[in-house]
Amino acid sequence: MALSRLARVLIAVLVVVPVAPAMAQPATQSEAVEQYRELNVEAEKLNENFLQANEDKNVKQAELDKATADLAVAQRSAEQAKTTQQRFRGEVDELSSARFRGARFDKLSALLTGSSQRDFLDRSSALGVLATESNKTLAEMAKAVTAASAAEQQAAQAQRRATEVRDAAARLAEQIAAQRKELDAKIVKVKAELERLTAEQKQELQGPPDPAPPPAPPAPPKTSTKPAPPPSAGPPPVGGPADAATRAVNAAMSRRGDTYVWGGTRPGGFDCSGLTLWSYAQAGIELPRTSRAQYGVGRAVPKDQLRAGDLLFYGTSATSIHHVAMYIGDGNIVHASTFGVPVKSGPLSSGGRDYFGAKRIVG
C-alpha cells in the first residue's frame, strides 16, 4: 500500500513539473549542406592526389626518357671502346708474335746484323722508331682496356637506372588508375548528394551574393584608319610585380560564373588550382598544377598583411592542402570553391574553416 502511495506521488510530481528539453546549439548552416561540403572536401583531396600523381608521372616519364637516352649513349660508348680495344689487341698480338718468332727490337740486334757502321746507324734509327711505336701501341692498348671497362660499367649502371625508373613508372601508373577510380566514385556520390539538396539548401550552399562589383564590359573598339597591330605570340607584357598581381586578380575576377569542374584549367570550367594557374598565366607567370605544389611558390605572408594577388591555402598541413583561393582585397577572395557553386568572390572565411597560410607569388 505504501508503495502504491509513493507511485501516485511521483506521477503527480511529473505531471506538475514538466521535464525541461535539452537546449540545442544553433546551427550556422543545415546539416545536409554541411555534410555536402565535407563530402566535397574529401573529393578535393582525392582530386589533389590524382593531379599530383599525374604530375609525378610526367616527372617519371622525363626521368625514363633521360635514362633510356643515357643507356643508349652508354651502350654505344661501350661498343666503340670494345672496337678500339680489339684493334689495339690485334696490333699487340702481332708484336708478341714477332718477338715469339725471334724478331729483336733492340740496338744489339742492329749491331750484330749490320754490315757497316752506316748500316748500324740506319738500322738503329729505324728500330728506335719501331720500339717507340711498340710502346705507344701497348699504352694505347692499356687505355683501350680501361675505357672499355669503364664504358661497360656505365652501361650497366644506366641499365639498372632505366629498369628502376621504368618499374617506378609502372607502379605509379597503377596508383593513378586506382586513384582515378576512387575519385570517379566520389564524384558520382557528390553529384548524387547535390541532387538530394532542396532548393533552400542549394541556395544556402551558394552563399551570400558576390560582394565585388561585376567586371566592367569591354570598351567598344575605337574607329581608326590605322591597321591593327598583329597579335602578340606570348602572354601580355608584365610591368612590376604589383602589375602582375593585378593582372592575375583581374583575370580571376573575369571568370566569375564559370562552372566548377574537377581538373578544369580553362575558361568555362575550373577547379581551385586550375583557376589560380590560369589567372597567373595571364600575367606571364607559370605556376605548378596543384594547390599543394603552388604552396611551394613565392614567400609566406601573415594573414594580417595580405595583398591582392596573394594565394590562400586551406588544409591542416602542407601535405594535406586541398584548396587554394586568391585574395582580392578588403577581406575577400575569389575562387572555384566547390562542385555546384560557380567561380565567385566572397569573404576569406568562404574558403574553408581550415585556413593554413598564404603565399605572395610576386613582389
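Keep in mind that what you see is a predicted model, and the values were worked out from it rather than measured.

## Topic: empty space enclosed by the protein
Summed over the entire model, instances satisfying the criterion amount to one cavity of 30 Å³ or more. Within this model, the largest cavity holds a volume of roughly 40 Å³. In terms of lining residues, the largest cavity is bounded by E44, N47, E48, Y260, D271, C272, S273 and H322. For the lining of the largest cavity, the secondary-structure elements that each account for two or more residues are α2 (31-100) and α7 (272-281). Take the lining of the largest cavity: its biggest share by element is three residues, from α2.

## As for the confidence of the model for the protein
Of all residues in the protein, 65% have pLDDT values of 70 or greater, and the mean over the chain is 75. Low confidence marks residues 9-28, where pLDDT is under 50. Its contacts with residues over four positions away, or in another chain, come to two contacts. In this model, residues 216-240 is a region of pLDDT below 50 whose contacts with residues beyond four sequence positions or in other chains number eleven contacts.

## Quick notes on the environment of D271
The residue D271 is located in the loop between β3 (269-270) and α7 in this model. Residue class for D271 comes out buried when judged on its relative accessible area of 1%. For D271 and P342, which are 71 residues apart along the polypeptide, the C-alpha to C-alpha distance reads 9.9 Å. Ignoring anything within four residues of it in the chain, the contact list for D271 reads N47, L51, Y260, V261, W262, G263, G264, R289 and A336.

## Re the sheet that holds strand β9 (residues 355-360)
The strand order across the open sheet formed by six strands is β4-β9-β5-β6-β7-β8, and the pairing between neighbours is antiparallel. Strands with a single pairing partner mark the edges of an open sheet, and in this sheet they are β4 (299-301) and β8 (344-347). This sheet shows a mean twist of 40° between the axes of neighbouring strands, independent of strand direction. Here strand β6 (residues 323-329) pairs with strand β7 (residues 332-335) via three bridges, running antiparallel. Paired with M326 across the bridge in β7 is V334. On the sheet, α7 packs against β5 (311-314), β6 and β7 and is oriented at approximately 50° with respect to β6.

Here is what the cut-offs are and how they apply
- Residues numbered from 1 in each chain as written.
- Predicted model: local features only at pLDDT ≥ 70, side-chain atom pairs only at ≥ 80, totals over all residues.
- Heavy atoms only, no water.
- 1 Å grid on protein atoms, 1.4 Å probe; cavity = no way out; pocket = protein on both sides within 12 Å on 5 of 7 lines; lining within 4 Å.
- Points joined across faces, edges and corners; volume = space filled by probe spheres on them.
- Helix = DSSP H or I, 4+ residues; strand = E, 2+ residues; numbered from the N terminus.
- pLDDT = per-residue confidence, 0-100.
- Contact = heavy atoms within 4.5 Å.
- Buried < 20%, exposed > 50% of the residue type's maximum accessible area, 1.4 Å probe, protein only.
- Pairing = 2+ DSSP bridges.
- Axes fitted to C-alpha atoms, helices over the stretch in contact; angles between N-to-C directions.

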